[in-house]
Every structure is written in structure tokens, then in C-alpha cells.
Amino acid sequence: MTVPHLTPRADAAGTRPEALGHVELIIGGMTCASCAARIEKKLNRLDGVTAAVNYATEKATVSFPETVRPDELVAVVEQTGYTATVPPPPADRDEAAGPSADTERDRELAALRQRLVVSAVLSLPVVLLAMVPAWQFTSWQWLSLTLAAPVVVWGGWPFHRAAWTNLRHGAATMDTLVSLGTLAAFGWSLVALFFGTAGTPGMRHGFEWTLTRGDGLGSIYLEAAAGVTTFLLLGRYIEARSKRRAGSALRALLELGAKDVAVLRDGAEVRVPVAQLVVGDLFVVRPGEAIATDGIVEQGSSAVDASMLTGESVPVEVGADDRVVGGCVNVGGRLVVRATRIGSDTQLAQMARLVEEAQSGKAQAQRLADRISAVFVPVVIGLAVATLGFWWGLGAGPAAAFTAAIAVLIIACPCALGLATPLALMVGTGRGAQLGILIKGPEALESTRSVDTVVLDKTGTVTTGAMAVAEVLPADGEDADRVLALAAAVEHGSEHPIGRAVAAAVEPTALLPVTDFANLEGRGVRGVVDGWTVHVGRPGLLAAEGLALPTDLAGAIEAAQARGRTVVAVGWDGRTRGAIAVADEVKPTSAAAIARFTRLGLRPLLLTGDHTVVAHAVAAEVGIAAADVRAEVLPADKVEVIRALQAEGRRVAMVGDGVNDAAALAQADLGIAMGSGTDVAIEASDLTLVRADLEAAVDAVRLSRRTLGTIRGNLFWAFAYNVASLPLAAAGLLNPMLAGAAMAFSSVFVVLNSLRLRRFRPLS
């Protein structure tokens with residue numbers, strides 16, 4: 001099995017990346033996609049620097065010339081208002097990026113959860129007292145102030161800090177809107193309580209549906225300030241929890257390899273950690289063990305399951321002088337391997353870098369609310385200033401003018417916005433979980449709307465991923481059941497996947513007894529059944545044993561191989577009596593699922609590391625055009641195929657299940673992993689299917705699109721009532737009850753609209 005060494009890609013100008021220095025900065029303090037864009041813009045302004053900042057993974061991948069030092073890059077990020085740290089040297093990276101990094105992220109998540117819980121507990125009575133007049137006891141407003149103050153100041157601190165950073169750079173985002181609205185509501189409430197009539201004992205917020213102009217000093221808006229803060233903290237927590245998993249794909253990939261290895265030292269086997277291996281060491285790989293590192297076989301022969309790396313459905317036979325790859329599993333005999341690449345130079349480590357590169361280069365979908373805020377916030381601020389100037393200029397007095405201007409800011413901070421995305425996401429993902437579909441976040445939902453091409457891995461995705469008997473080919477005059485029975489009896493003693501598939505085709509209780517069993521490594525098996533010496537294996541093995549191959553059977557074998565099947569010959573008593581074709585069978589639902597993908601507007605394309613003949617046979621069976629088949633593609637090339645499709649202007653979804661698919665899943669605009677696959681593929685994907693069924697992938701796309709549509713509807717309504725109320729606020733006609741009713745109605749609509757996702761039904 002020969003696997004080419006992965007080399008870094010050249011950039012557009014043909015310059016090797018090695019010509020530049022490379023560093024991956026860990027960024028802190030980002031609150032939205034616009035923060036990442038701002039940092040990236042600042043870094044790219046440096047001469048010769050090329051930077052890509054990933055908001056989801058909180059990392060910046062930077063290429064820089066010799067004239068720039070890493071500490072200068074850190075300084076630029078810090079001047080922008082964020083934090084940056086340079087990772088430790090490669091020798092210490094695994095340790096540094098392991099538990100300590102995870103612990104820091106867990107600590108941040110726990111702190112956010114604590115902020116959310118405390119804010120929710122304090123906000124609930126504030127909202128209830130404001131909205132239920134019957135509960136408004138004497139001096140209730142002062143209790144509301146006591147409870148709301150820590151929520152607005154401490155609970156909302158992440159928003160205020162981000163708003164200040166945005167202000168320093170002349171930018172307006174959702175954090176600006178939240179901070180401005182909550183502080184305006186809280187500040188005006190303080191003015192009304194201490195300098196107006198709102199602090200008078202016996203003050204009530206009654207149900208007044210009339211539009212009257214007043215100075216606003218008799219009303220408080222503490223429930224708006226506390227409620228909006230809490231709702232948005234909930235959304236921020238959900239987002240942070242999904243980001244916490246961003247690095248899991250790399251950790252899972254690097255953990256695939258063996259942890260220790262039997263090294264030959266002075267002729268004896270010594271068990272040592274894999275980290276102690278050096279190039280040139282001889283190490284032993286027993287049947288069932290993972291190969292510790294890349295190397296060349298020195299002694300022995302065996303079958304190696306490389307499907308997780310190459311996608312080949314049939315284990316590859318290896319012998320002396322053949323290359324093997326770390327992480328693959330030895331399923332046959334004992335091997336002695338000489339290590340040729342270790343550590344970060346191995347194929348597995350380079351695949352990890354491919355996954356990381358794909359994740360870092362993947363354009364993150366900017367939050368819809370931020371895009372709306374970029375326009376909405378400046379408009380609201382301008383309207384508030386215009387309102388202040390208008391009423392003051394008309395001689396209405398400073399109190400009335402400030403009341404109208406503050407009312408504009410208060411009504412502009414939508415309560416329902418805190419629920420719009422997280423609630424729809426929670427209901428949609430909850431329904432998806434019931435159907436075996438796991439959605440990782442709003443970015444994945446946005447991707448489903450725009451994808452137009454679905455790239456399908458073959459092994460384990462379109463097919464079952466397990467070998468099974470497809471047909472028995474008896475020679476003229478022979479009985480097919482007899483051929484299968486004798487072959488299964490002998491193969492029952494084999495550990496080879498093809499042998500196990502043949503043995504599994506017969507009920508265990510019907511297996512005939514075997515004597516003198518022998519495993520002919522790399523060629524087949526032999527045993528005595530019913531007094532006959534039965535050979536099962538490659539046609540060449542039987543020919544070497546003097547078992548002639550009839551002409552009719554030779555033609556049948558060639559026809560089966562042309563259909564992409566693997567064939568083993570069966571012979572006894574001086575001639576080959578038949579053959580058995582095994583294949584990685586197509587799943588029963590694959591053809592229907594691919595037809596449904598087409599109806600959804602997605603063009604299916606088959607991408608596999610398996611042989612061209614096998615790939616085209618599977619494609620023909622499930623309805624994929626021959627022109628849309630890419631076969632014998634290695635992991636690095638899978639990423640390049642995805643990139644090439646994206647370069648053509650296509651939005652690509654990738655469905656896969658193996659380690660060999662992880663980098664492609666990360667590179668694709670939408671990654672869909674089969675839950676039956678490896679942890680690496682699952683973690684690198686955007687959607688995970690618990691059911692190993694392509695029809696579930698179709699339902700995943702449908703549910704994701706439906707959920708995204710619900711989020712868009714929620715966001716529209718969350719802003720719509722504000723836009724409708726802004727003229728009333730600017731006219732000075734907005735009273736607290738109308739503002740509260742608008743907020744309540746908007747929130748109820750968002751809740752009911754989101755709950756409609758629970759009625760989603762799969763097509764199958």
C-alpha cells in the first residue's frame with residue numbers, strides 16, 4: 001500500500017508557504033463574526049502578512065515575512081481591543097493544547113452559565129412585577145431596581161465591554177444595540193425614580209391603551225433592561241457551548257493512533273510509548289493492533305484495513321517493502337515494520353493539519369442579527385438624536401425631548417431578539433435529535449440554504465461499509481449451495497474480512513466441520529471438509545495448487561469483477577468448482593435518498609478512495625451519472641476536489657463517515673457525518689446523523705432549511721414591532737404598558753413560531 005507524502009500547497013503566486021513564517025494565534029474577546037473580520041483586517045494591513053481569523057475556533061492563522069515578529073502580531077490584535085497568545089513550541093504543543101486549553105474554555109463556559117443563571121433568577125420577579133399590576137405592592141419599583149441593577153451592570157457586562165470595543169473602532173453590532181438599549185432603559189428608570197414621580201410610593205403601571213404625550217418621569221423600564229439582558233445571555237451561552245466543541249475533531253483525529261508500541265531492541269520486544277519511537281526503529285504489529293506510525297514492512301505479510309484513511313472497502317494485502325500508514329489496523333498476520341516518519345510528519349498528523357486548515361479557512365456565516373444591526377443601530381441612534389433636537393427645538397422642554405429620545409432607544413432594543421435564534425435552534429435541534437439528526441449551530445443552518453451540490457462518500461455512506469456475499473458463481477455442473485457451504489466451512493477459521501463475509505453467508509449451525517485448516521497468508525485458506533481438501537482464495541492460488549479454472553467460470557469471474565466485485569475461487573478434487581463474489585453492498589435507501597437530493601435542487605457527486613470500477617458500479621446502481629464520479633481519491637485530494645467545486649462557484653455539502661472524510665467535511669460549506677462513522681468525521685461536520693441512512697441526510701437538509709426559515713421569521717418579527725413602534729416613540733406617545741405589550745406579544749409570537757418546528761415530519 002503506497003501512500004504519497006502530503007506536501008504543503010503553493011499559494012496563488014506559486015510561493016511555497018515555507019517561504020513565510022507561520023503562527024496560529026489564540027484569540028480572546030471576540031463576541032461576533034464582525035470581531036473576527038476586524039482583527040483579520042488589522043492583521044492584513046501589515047506588509048506581507050496574510051491572516052485568516054476563525055470566530056468559531058477563536059484562532060488566527062497568520063503567514064508573515066521575516067521582517068515581522070510574532071509579538072508584533074500579538075500587539076496588533078491587542079491594539080484592536082482583543083487578546084492574543086502565541087502557542088508553545090511544537091514539542092510542547094500536545095500537552096499545552098490538551099487539558100489546560102480545554103480547562104480554560106470550560107472555565108469560561110461555566111462563568112457564562114453562572115452569569116446567565118443569576119441574571120435569570122433576578123430578572124424573573126422584575127418582569128412579573130412590571131407586567132402584572134395586581135402584584136405591584138407599595139414601593140415595588142424600588143425592589144425592581146435592586147434586582148435589576150446587578151443584571152444590567154454585571155450580567156450585561158460582556159455586551160457593554162464589546163460595545164465599547166466596537167465604539168472605539170467606529171463599528172456597530174448587536175452588542176452595541178443591546179448595551180445602548182439596556183443602559184438607556186436603566187438610566188432613564190434611575191432618572192424617573194430619583195428625579196421624577198416614578199419613585200413615589202403607590203406608583204403603578206396600569207393597563208393604559210391610550211396614546212398620550214408626557215414627560216416620561218413617571219414610568220420605569222427596568223423589566224426591559226433586565227429581560228433583554230437575560231434573554232441575550234441565554235443566546236450567548238448556547239453559542240459558546242457549540243463553539244466549545246470546535247477543536248474536538250483535531251483531538252479525536254490525533255487520538256486514533258496507537259498509544260504504545262512493541263519495539264525490537266536487541267532482538268527482544270520492548271513496549272514503549274509511541275512518542276519514544278525514532279526513525280529507523282523496528283516495531284511489531286500483531287493482528288488487531290493499530291500500526292503505530294508510518295513505515296515500511298520488513299518482515300511478514302498481512303491484510304491492513306486502511307478504509308479510515310483511503311476509503312478502500314477491501315483490506316489491502318501488504319508484504320515486505322510495502323509502505324504502511326500509522327493508524328491503520330492490521331487484520332491479518334504479524335508484521336515487523338521499520339519507522340520512516342514519526343510525530344508531526346506522519347500521514348495521520350498531516351491529515352489533522354488538513355482538518356485544521358479546512359476549518360480555519362472556512363468562511364463562517366455571520367450572525368443574521370449582526371447584519372441587521374449594522375444598519376439598524378445607526379438608524380436608531382440617528383432617529384433618537386433627531387427626536388431630541390426636534391422636540392427641544394419646538395419648545396417642548398428638555399424633559400419631554402429627552403423622554404421621546406430615550407423612548408426611541410428603549411423600544412429599539414427588542415426583547416424577542418434574545419429568543420429569536422436560540423429558541424428556534426433549540427426546538428429545531430430537539431426535533432432533529434428525535435429523528436436522529438444532530439445540528440451543531442446556526443452557521444450550519446445558513447449553509448443548508450445555499451448548497452447546490454452534495455458530495456457523497458461511498459464506503460459506509462452510500463454502501464454498508466461491510467463486505468457481504470453478492471453472488472455465488474458455480475462452474476458448469478456444480479451446485480451453488482455446495483460451493484458456498486464448503487467455502488464457508490473453510491473460511492470460518494479465517495480472520496480476513498472477505499473470509500468472514502463468506503462464512504457469515506451460512507448459518508453457524510449449518511457450518512460443516514473442518515480439519516487441517518491452514519491460512520496461506522496473502523493468498524487464501526485451505527482445509528479438509530467432507531474428505532475433500534478445499535482451497536478458497538485468489539484464482540492464482542488455486543492455479544498454483546493445480547486446480548484448473550474452467551473457461552465458463554473464468555468468464556463469470558471477469559464479469560463479476562467488471563461490476564466492481566471482489567471474487568474468490570473455490571476448488572477441490574483437482575479443479576476449481578466455483579467462485580464467490582463479495583461486495584460492499586449498497587444500502588437499500590441510498591437510491592431513493594439520492595433521487596430526493598436531486599428534487600431538493602442538489603446535484604449528487606460520488607467521491608471515494610475505492611477503485612474506479614467499483615465506484616462506477618455503485619454510482620450506476622444508485623442513479624449518479626458517470627461524469628459525477630471521482631474515484632481512487634486520497635484524503636488530501638478529497639479536500640482539493642471540494643475546493644475545486646467551490647472555486648467553480650458551487651456551494652458544497654459533503655456526506656461521509658470516515659477519518660479520510662474529516663478534512664473534506666470541514667472544508668465543505670456543509671459537512672454531514674454518519675453517526676456510525678468515526679468521532680473525527682462527526683466532530684468535523686456541521687450535521688451528524690445518528691442513523692447510518694442517506695434518507696436521514698435528506699431530512700437533515702430539509703429540517704435545517706425549515707429551522708433557518710423559522711429563525712429568519714423570528715428575527716423579522718423581533719425587529720418589525722420595533723420599527724412599527726419607533727414613530728410612536730419619536731412622537732412622545734409611547735407609554736410603558738404599550739411598550740410592555742409589544743414586547744410580550746413579540747415574544748409570544750417568536751415562541752409559537754418556533755414551536756411549529758415540532759411538527760416537522762421526515763419524508764420516509
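Predicted, not measured: the structure shown is a model, and the values here were computed from it.

So, about the UniProt feature "transmembrane region" (unreviewed entry) in the protein chain. Those places that UniProt annotates as "transmembrane region" (unreviewed entry) correspond, in this numbering, to residues 116-134, 140-157, 177-198, 218-238, 372-394, 400-425, 714-731 and 737-755. Helix and strand shares over residues 116-134 are 84% and 0% respectively, and the end C-alpha atoms of the span are 28 Å apart. Across residues 714-731, helical content stands at 94% and strand content at 0%; the span's end C-alpha atoms are separated by 27 Å.

Moving on, we come to the sheet that holds strand β12 (residues 329-330). Taken in spatial order, the three strands make up an open sheet running β10-β9-β12, and their pairing is antiparallel. Each edge of the open sheet carries a strand with a single partner, namely β10 (316-318) and β12. For strand β9 (residues 302-305) and β12, the ladder comprises two bridges, and the chain directions are antiparallel. Note that in β12 the partner of Asp305 across the bridge is Val329.

Once that is clear, we can look at a nonpolar patch on the surface. A contiguous nonpolar patch, built from Leu124, Leu128 and Trp135 and spanning about 310 Å² of accessible area, is present on the exposed surface. With respect to the helices, strands and loops of the structure, Leu128 is situated in helix α3 (residues 90-131).

Glancing now at the pattern of salt bridges. Scanning the entire structure with this criterion turns up 23 salt bridges. Here Glu478 and Arg575 are joined by a salt bridge, their closest N and O atoms 3.2 Å apart. In this pair, Glu478 is assigned in the loop between β16 (463-474) and α16 (480-491) and Arg575 in strand β21 (residues 575-586), connecting sequence segments 97 residues apart. On the accessibility criterion, Arg575 (27% relative accessible area) is partly exposed. Note that Glu640 and Arg643 form a salt bridge whose closest N and O atoms lie 3.0 Å from each other. Placement of the pair is Glu640 and Arg643 together in helix α22 (residues 635-647), with a separation of three residues, close to one helical turn. We classify Glu640 as partly exposed; its relative accessible area is 32%.

Turning next to the side chain of Ser494. Here Ser494 is to be found in the loop between α16 and α17 (497-504). Reaching out from Ser494, the side chain makes a polar contact with the backbone nitrogen of His496 at a distance of 3.1 Å. Setting aside its immediate chain neighbours within four residues, Ser494 contacts Gly499, Arg500, Phe517 and Val525.

Here the focus is the sheet that holds strand β18 (residues 524-529). Pairing between the strands of a sheet comes from backbone hydrogen bonds, and it takes one of two forms, parallel or antiparallel. The strand order across the open sheet built from six strands is β16-β21-β20-β19-β18-β17, with neighbouring strands paired in antiparallel fashion. With one partner strand each, in any of the chains shown, β16 and β17 (515-520) form the two edges of the open sheet. Sheet twist, expressed as the mean angle between neighbouring strand axes with direction ignored, is 20°. In the sheet, β16 pairs with β21 via eight bridges, with the strands oriented antiparallel. Residue pairing for β21: Pro474 is matched across the bridge by Gly578. Helix-sheet contacts for α16 involve β16, β17, β18, β19 (532-537), β20 (566-572) and β21, and the interaxial angle to β18 is about 105°.

Conventions used here
Residues numbered from 1 in each chain as written. Predicted model: local features only at pLDDT ≥ 70, side-chain atom pairs only at ≥ 80, totals over all residues. Heavy atoms only, no water. UniProt positions renumbered as here; feature names shortened; annotations may be inferred. Helix = DSSP H or I, 4+ residues; strand = E, 2+ residues; numbered from the N terminus. Pairing = 2+ DSSP bridges. Patch = residues over 30% accessible without salt bridge, like charges linked within 9 Å, V, L, I, M, F, W, Y side chains within 5 Å. Areas by Shrake-Rupley, 256 points an atom, 1.4 Å probe, with all protein chains shown as cover. Salt bridge = Lys/Arg side-chain N within 4 Å of Asp/Glu carboxyl O. Buried < 20%, exposed > 50% of the residue type's maximum accessible area, 1.4 Å probe, protein only. Polar contact = N/O pair within 3.5 Å; in protein donor to acceptor, adjacent residues only side chain to side chain. Contact = heavy atoms within 4.5 Å. Axes fitted to C-alpha atoms, helices over the stretch in contact; angles between N-to-C directions.

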